[in-house]
Amino acid sequence: IYPNPFNPITNISFSMERASDATITVYDIKGRKLESIHDGFLSMGDYSMIWNASNYSSGIYLIRMETDTFKQIQKAVLFK
């Protein structure tokens, strides 16, 4: 995730080692789901997705990336 901290747009870059369904979801610090950035099939390769957080207040957000074989959560800090 870059830039991080960001205001209000950040870039989420990742690689898919094999084709799979993938979800990228944003949660607030309390664990409430805010929005889904991607939910569907992705082929093998490199990807870059944008998250525009202009509708949210400053704070820490959690970005959860999940495929059939991989799960990761990263913190993103929004400063306005």
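Residues numbered from 1 in each chain as written. Predicted model: local features only at pLDDT ≥ 70, side-chain atom pairs only at ≥ 80, totals over all residues. Heavy atoms only, no water.

## Examining the packing of aromatic side chains
Overall, the coordinates contain five aromatic pairs when judged by the stated rule. Their ring planes at 55° and their centres at 5.5 Å tell us that F6 and W51 sit as a pair that is tilted. Here the residue F6 occupies a position in the segment before β1 (9-16), and W51 occupies one in strand β4 (residues 45-52), the gap between them amounting to 45 residues. On the basis of relative accessibility, which here comes to 2%, the residue F6 falls in the buried class. When the centroid spacing of 5.5 Å and the interplanar angle of 70° are considered together, the rings of W51 and Y61 count as edge-to-face. Of the two residues, W51 is situated in strand β4 and Y61 in strand β5 (residues 59-67); the sequence distance between them amounts to ten residues. (Phe/Tyr/Trp six-rings, centres within 6.5 Å; stacked < 30°, edge-to-face > 60°. Helix = DSSP H or I, 4+ residues; strand = E, 2+ residues; numbered from the N terminus. Buried < 20%, exposed > 50% of the residue type's maximum accessible area, 1.4 Å probe, protein only.)

## Observations regarding the nonpolar core
The biggest cluster of nonpolar side chains holds 17 residues, and the ones touching the most others in it are I12, F14, I24, W51 and I63. Elements that contribute at least two residues to this core include exactly β1, β2 (20-28), β4, β5 and β6 (71-78). In this structure, F14 is in contact with I24, L42, G45, D46, Y47 and M49, ignoring residues within four places of it in sequence. (Core = buried A, V, L, I, M, F, W, Y, C linked by side-chain atoms within 4.5 Å. Contact = heavy atoms within 4.5 Å.)

## Here's the deal with the layout of surface pockets
In this structure, the largest pocket encloses a volume near 290 Å³. If you go around the largest pocket, you meet 18 residues; those closest to its centre are S15, M16, E17, T67 and F70. At the level of secondary structure, the elements contributing two or more residues to the lining of the largest pocket comprise β1, β2, β5 and β6. For the lining of the largest pocket, the class distribution of residues is six nonpolar, eight polar and four charged. (1 Å grid on protein atoms, 1.4 Å probe; cavity = no way out; pocket = protein on both sides within 12 Å on 5 of 7 lines; lining within 4 Å. Points joined across faces, edges and corners; volume = space filled by probe spheres on them. Nonpolar A, V, L, I, M, F, W, Y, C, P; charged D, E, K, R; others polar.)

## Description of the environment of N11
Structurally, N11 is set in strand β1. Accessibility expressed as a relative area gives 11% for N11, which makes it buried. Once the C-alpha coordinates of N11 and N52 are considered, the two residues, 41 residues apart in sequence, prove to be 8.9 Å apart. Excluding residues that lie within four positions of it along the chain, N11 makes contacts with I1, Y2, S48, M49 and I50.

## Describing the side chain of H38
Relative to the assigned elements, H38 resides in strand β3 (residues 33-42). Setting aside anything within four residues of it in sequence, one finds H38 in contact with A22, T23, I24 and M49.

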